[in-house]
Amino acid sequence: MLGICRGRRKFLAALLTLLCIPAITWLYLFAGSFEDGKPVSLSPPESQPHSPRYTASSQRERESLEVRVREVEEENRALRRQLSLAQGRAPAHRRGNHSRTYSMEEGTGDSESLRAGIVAGNSSECGQQPVVEKCETIHVAIVCAGYNASRDVVTLVKSVLFHRRNPLHLHLIADSIAEQILAMLFRTWMVPAVRVDFYNADELKSEVSWIPNKHYSGIYGLMKLVLTKTLPANLERVIVLDTDITFATDIAELWAVFHKFKGQQVLGLVENQSDWYLGNLWKNHRPWPALGRGYNTGVILLLLDKLRKMKWEQMWRLTAERELMGMLSTSLADQDIFNAVIKQNPFLVYQLPCFWNVQLSDHTRSEQCYRDVSDLKVIHWNSPKKLRVKNKHVEFFRNLYLTFLEYDGNLLRRELFGCPSEADVNSENLQKQLSELDEDDLCYEFRRERFTVHRTHLYFLHYEYEPASDNTDVTLVAQLSMDRLQMLEAICKHWEGPISLALYLSDAEAQQFLRYAQGSEVLMSRHNVAYHIVYKEGQFYPVNLLRNVAMKHVGTPYMFLSDIDFLPMYGLYEYLRKSVIQLDLANTKKAMIVPAFETLRYRLSFPKSKAELLSMLDMGTLFTFRYHVWTKGHAPTNFAKWRTATTPYRVEWEADFEPYVVVRRDCPEYDRRFVGFGWNKVAHIMELDAQEYEFIVLPNAYMIHMPHAPSFDITKFRSNKQYRICLKTLKEEFQQDMSRRYGFAALKYLTAENNS
């Protein structure tokens with residue numbers, strides 16, 4: 001710190017010298033030009049040949065003064081060169097240990113300037129005046145619609161969070177799909193000092209639907225035009241970003257550029273780096289009017305308060321109406337209209353240095369925006385080709401993007417020290433629950449898992465399904481991790497109805513899954529499969545949390561609660577829908593049991609009928625599920641009776657019973673205290689029995705468990721004594737909770753457990 005201040009004192013001293021020497025010199029010359037109170041002319045001698053005061057001595061004196069002036073000017077030039085070198089060697093961004101502010105020196109706004117330096121000041125007395133306060137909230141607006149855009153928003157937000165040092169307020173203009181996805185994501189992400197507000201994009205459609213748009217963004221690509229009406233009236237300024245943006249620096253640096261706006265400048269934009277608006281891309285190419293190369297609207301700085309005073313709404317509407325008379329439609333959505341307005345009113349725009357929007361589209365001038373990695377600020381994948389775009393340094397840009405794409409979002413839950421956060425009820429409740437746990441308890445990690453909030457991304461892929469109108473529709477519910485991914489295609493071939501899946505993955509694994517799914521013809525042909533990503537956190541597999549996530553987002557009246565390693569019989573979907581009507585599930589508390597079998601063969605000729613299954617059972621190709629290791633789990637199904645049954649039959653609950661059932665969507669959730677292996681389904685079936693569900697076995701339904709390597713959790717259960725002790729403790733606590741909730745009727749569970 002002391003060294004920096006000394007350096008700056010030297011800098012100031014040199015600057016004062018630079019300014020003072022010419023002033024003193026010219027003052028001396030000016031004073032010397034007076035003799036007897038009268039001015040003496042400094043014109044050349046030949047201009048005054050007949051002056052009475054013109055003598056040889058005065059001429060010599062004047063010549064010596066002129067020499068001295070030239071010497072001083074030469075010294076000044078040398079000083080300027082030294083100062084220039086000193087500034088060039090200065091670091092681009094200094095941050096002191098006790099820095100409380102950011103001070104940014106951005107580009108000039110000159111259309112010929114493609115690069116500009118950034119100087120971040122120190123908070124000491126020798127620092128610059130602050131521009132962005134440490135705890136100043138930065139407002140960001142993003143228009144987002146649909147499943148794919150929701151994924152893109154996450155990557156954008158990760159890149160912003162990675163670099164940010166200020167509180168953020170995200171204003172998301174979203175359709176109902178994106179709002180559902182992102183609301184859950186941010187609620188479970190729980191990032192400190194980040195506030196998220198949603199604005200209904202569907203309600204804004206009428207504002208822009210009259211504008212024909214050929215761009216792939218559709219109607220949502222026009223909604224940035226109405227932000228002055230959409231965003232709160234007291235919001236003065238906002239950074240507007242496209243979803244295909246990646247930040248490579250602190251967004252506070254961009255926010256600081258607002259302080260450079262002058263006069264009537266209300267829009268901060270980067271010049272378009274393609275030749276689109278020059279109109280020379282092909283024969284008869286006729287773009288919308290633009291100032292020079294035009295401006296790209298992937299990154300916009302909006303001074304909302306001034307725009308409202310200028311009647312921005314009226315301005316852009318009149319311009320659009322006039323231009324559409326000749327152009328008929330927009331080609332680049334809102335960008336065309338922004339440029340047409342700027343063409344008529346160039347004073348509105350402050351041109352940002354182009355490193356604030358390096359546009360990675362084919363045939364652009366983007367390479368002129370940077371000379372080094374440190375120059376990059378914002379990368380914009382504005383080509384429809386996205387990561388496949390042509391650019392000399394595309395591999396570097398792609399790797400930077402993939403870094404944030406696969407970055408563990410849990411690591412971004414960083415506190416901003418010294419900045420007060422808004423009270424978050426969910427976070428406070430979580431901290432209270434965790435504080436009540438005993439960290440010295442040997443089962444502490446098990447108990448803690450029950451309260452862990454896992455970041456959740458709903459509908460990771462496109463989902464489109466309308467339940468059958470007869471109210472008999474059934475959704476298959478399951479959960480899985482990366483090592484069971486290969487089961488997805490087989491299940492889709494066996495079950496044609498809707499599926500709700502919760503996948504427990506890391507951020508990197510989620511991208512592997514995405515590539516796997518997009519490369520599968522079977523999975524891509526199915527739009528009725530909902531994939532919900534629950535991101536990894538902690539040491540246990542949260543099996544019941546995953547089941548609950550998949551259950552909560554079922555859109556049909558009934559659910560088939562299965563596991564990912566079971567293949568349902570062909571035609572089971574239609575059979576269950578008929579059974580729903582037959583057993584009047586809509587008006588009774590029933591759980592329909594689908595009998596479970598297993599094979600030890602990885603390659604199985606799947607039985608196409610009950611008769612074929614019974615034959616394979618007799619030959620030893622198939623077995624009743626877990627008959628050789630955990631008979632009690634499915635023994636109450638009464639397989640002997642099932643062999644000859646032709647009508648549904650009722651069975652009674654017994655200890656450790658864990659069948660796979662079809663129930664109404666309003667059935668109780670799974671108990672989250674059970675993680676990993678052991679008692680996760682048993683506890684749920686016990687809860688159904690306590691709520692007086694009838695267990696009905698279906699005579700012509702079956703499912704078969706496919707072999708796989710033992711899971712990590714079952715290995716821990718078998719090898720770790722403390723794991724088994726904690727599981728036993730959790731079972732006892734669950735039974736006590738059941739007794740408190742269901743009273744005398746729940747005593748049978750304690751008795752049954754003691755007798756088993």
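Residues numbered from 1 in each chain as written. Predicted model: local features only at pLDDT ≥ 70, side-chain atom pairs only at ≥ 80, totals over all residues. Heavy atoms only, no water.

A. Highlighting the overall build of the chain. Check the secondary structure of the chain and you find 24 helices and 27 strands. Buried positions account for 52% of the 756 residues belonging to the chain. By sequence separation, contacts in the chain at least 24 residues apart represent 79% of the contacts at least 6 residues apart. Carbon together with sulfur atoms contributes 53% to the accessible area of the chain, which is approximately 36,000 Å² in total. (Helix = DSSP H or I, 4+ residues; strand = E, 2+ residues; numbered from the N terminus. Buried < 20%, exposed > 50% of the residue type's maximum accessible area, 1.4 Å probe, protein only. Contact = heavy atoms within 4.5 Å. Areas by Shrake-Rupley, 256 points an atom, 1.4 Å probe, with all protein chains shown as cover.)

B. Representation of a negative patch on the surface within the structure. On the surface, Asp438, Glu439, Asp440 and Glu445 cluster together into a negatively charged patch. You can see Glu439 is positioned in the loop between helix 12 (425–435) and helix 13 (444–449). Given a relative accessible area of 62%, Glu439 falls into the exposed group. (Patch = residues over 30% accessible without salt bridge, like charges linked within 9 Å, V, L, I, M, F, W, Y side chains within 5 Å. Salt bridge = Lys/Arg side-chain N within 4 Å of Asp/Glu carboxyl O. Lys, Arg positive; Asp, Glu negative; His and termini not counted. Charge placed at Lys NZ, Arg CZ, Asp CG, Glu CD.)

C. Highlighting the pattern of salt bridges. Counted under the stated rule, the structure contains 36 salt bridges. Linking Asp618 and Arg643 is a salt bridge whose minimum nitrogen-to-oxygen distance equals 2.8 Å. Of the two residues, Asp618 is situated in helix 19 (residues 610–619) and Arg643 in helix 20 (residues 639–644); the sequence distance between them amounts to 25 residues. The salt bridge partner of Glu652 is Arg650, with a shortest N-O separation of 3.7 Å. Among the residues examined, Glu652 registers a relative accessible area of 52% and is labelled exposed. The network of salt bridges with common partners includes Lys158, Asp408, Arg455 and Asp507.

D. Spatial organisation of the environment of Leu505. For Leu505, the position within the fold is in strand 17 (residues 499–505). Accessibility expressed as a relative area gives 0% for Leu505, which makes it buried. A C-alpha to C-alpha distance of 6.7 Å links Leu505 and Ile533, two positions 28 residues apart in sequence. Residue contacts for Leu505: discarding those within four places in its chain leaves Ser481, Met482, Ala510, Phe513, Ile533, Val534, Tyr535 and Lys536.

E. View of the sheet that holds strand 12 (residues 349–352). With mixed pairing, seven strands are arranged side by side in an open sheet as 7-6-5-8-11-10-12. Single-partner strands in this sheet number two, and they are strand 7 (194–200) and strand 12. This sheet shows a mean twist of 25° between the axes of neighbouring strands, independent of strand direction. Two strands pair when backbone bridges link them, and strand 10 (residues 267–271) and strand 12 are joined in this way by four bridges, in the parallel orientation. Bridged to Leu267 within strand 12 is Val349. (Pairing = 2+ DSSP bridges. Axes fitted to C-alpha atoms, helices over the stretch in contact; angles between N-to-C directions.)

F. Helix 3 (residues 146–163), seen in detail. When the terminal C-alpha atoms of helix 3 are compared, their 27 Å separation across 18 residues agrees well with the 26 Å that a helix rising 1.5 Å per residue should span. Counting buried positions along helix 3 gives 15 out of 18 residues, so the element sits mostly inside the fold. (Expected span 1.5 Å × (residues − 1).)

G. Looking closely at the state of the cysteines. Tallied over the full model, the rule gives three disulfides. Paired by a disulfide, Cys443 and Cys726 hold their sulfur atoms 2.1 Å apart. Between Cys443 and Cys726, the S-S torsion sits near -95°, and that sign places the bridge as left-handed. Placement of Cys443 in the loop between helix 12 and helix 13 and of Cys726 in helix 23 (residues 721–742) is noted, with a sequence separation of 283 residues between them. (Disulfide = S-S within 2.5 Å.)

H. Up close: the sheet that holds strand 14 (residues 378–380). Spatial ordering of the open sheet is given by 9-14-13, a layout of three strands whose pairing is mixed. The open sheet has two edge strands with one neighbour each: strand 9 (245–247) and strand 13 (358–359). Across three bridges, the pairing between strand 9 and strand 14 is antiparallel. Across the sheet, residue Ile245 finds its bridge partner in strand 14, namely His380.

I. Inspection of the packing of aromatic side chains at higher detail. Scanning all chains against the criterion turns up 33 aromatic pairs. With a centroid separation of 5.2 Å and 80° between ring planes, the pair formed by Phe446 and Tyr723 is classed as edge-to-face. Taken together, the residues Phe446 in helix 13 and Tyr723 in helix 23 connect sequence positions 277 residues apart. The rings of Trp255, Phe258, Phe261 and Tyr350 are connected pair by pair, giving a single aromatic cluster. Directly above the aromatic system of Phe355 lies the positively charged group of Lys377, at a separation of 5.9 Å from the ring centroid. The positively charged end of Lys610 is found above the aromatic ring belonging to Trp642, 4.3 Å away from the centroid. (Phe/Tyr/Trp six-rings, centres within 6.5 Å; stacked < 30°, edge-to-face > 60°. Lys NZ or Arg CZ within 6 Å of the ring centre and 35° of its normal.)

J. Geometry of the pairing of strand 19 (residues 558–561). Burial of strand 19 is two-sided: the residues Tyr558 and Phe560 facing one way and the residues Met559 and Leu561 facing the other way are all buried. Bridging between strand 16 (residues 474–481) and strand 19 involves four bridges; their strand directions are parallel. Within strand 19, the position partnered with Leu476 by the bridge is Phe560. Judged from the four bridges that link them, strand 19 and strand 25 (residues 660–664) form a sheet pairing that is antiparallel. If you follow Leu561 over to strand 25, its bridge partner there is Val661.

K. Broad picture of the environment of Thr246. Among the secondary structure elements, Thr246 is positioned in strand 9. For the pair Thr246 and Val160, spaced 86 residues apart in sequence, the C-alpha separation works out to 7.8 Å. The residues touching Thr246, leaving out its near neighbours within four places in the chain, are Ser159, Lys377, Val378, Ile379, Trp381, Tyr401 and Phe404.

L. Spatial organisation of the pairing of strand 25. Of all five residues in strand 25, five are buried; the element is thus mostly enclosed. When strand 21 (residues 590–594) meets strand 25, the two strands line up antiparallel, connected through three bridges. Within strand 25, the residue paired with Ile593 across the bridge is Val661.

M. Structural context of the packing of helix 9 (residues 312–327) against helix 10 (residues 334–344). For the pair helix 9 and helix 10, the least separation of the axes is 9 Å and the interaxial angle reads 100°. The orientation of helix 9 with respect to helix 10, classified from their angle, is roughly perpendicular. Here Trp312, Met315, Trp316, Thr319, Ala320, Arg322 and Glu323 of helix 9 lie close against helix 10, whose contacting residues are Ile337, Phe338, Ala340, Val341 and Gln344. Per-class residue counts for the contact of helix 9 with helix 10 are eight nonpolar, two polar and two charged. (Parallel < 35°, antiparallel > 145°, perpendicular 65-115°, else oblique. Nonpolar A, V, L, I, M, F, W, Y, C, P; charged D, E, K, R; others polar.)

N. Broad picture of the packing of helix 22 (residues 712–719) against helix 23. Direction vectors running N to C along helix 22 and helix 23 enclose 95°, while the axes themselves pass 5 Å from each other. In terms of axis orientation, helix 22 runs roughly perpendicular to helix 23. Counted together, Asp713, Lys716, Phe717, Arg718 and Ser719 of helix 22 and Lys721, Tyr723, Arg724 and Leu727 of helix 23 form the full contact between these two elements. Among the residues making up the contact of helix 22 with helix 23, the classes are represented as three nonpolar, one polar and five charged.

O. Quick look at the nonpolar core. One finds Leu501, Phe513, Tyr531, Phe560 and Leu576 to be the most contacted residues of the largest nonpolar core, which totals 117 residues. Counting 99 residues, the second largest nonpolar core, distinct from the first, contains Val160, Val208, Val257 and Leu352. (Core = buried A, V, L, I, M, F, W, Y, C linked by side-chain atoms within 4.5 Å.)

P. View of the side chain of Thr475. Locating Thr475 in the fold gives a position in strand 16. Looking at Thr475, the relative accessible area reads 3%, which means it is buried. A distance of 2.6 Å separates polar atoms of two side chains, one belonging to Thr475 and the other to Thr556. Among residues more than four places away in sequence, those in contact with Thr475 are Trp495, Pro498, Ile499, Ser500, Val554, Thr556, Tyr558, Met559 and Phe560. (Polar contact = N/O pair within 3.5 Å; in protein donor to acceptor, adjacent residues only side chain to side chain.)

Q. Spatial organisation of the confidence of the model for the chain. Mean pLDDT over the chain stands at 83; residues scoring 70 or higher make up 79%. Contacts for the low-pLDDT stretch residues 24–55, under 50 throughout, to residues beyond four places or in other chains number 27 contacts. Counting interchain partners and residues more than four positions distant, the pLDDT-below-50 stretch residues 85–129 has 94 contacts. (pLDDT = per-residue confidence, 0-100.)

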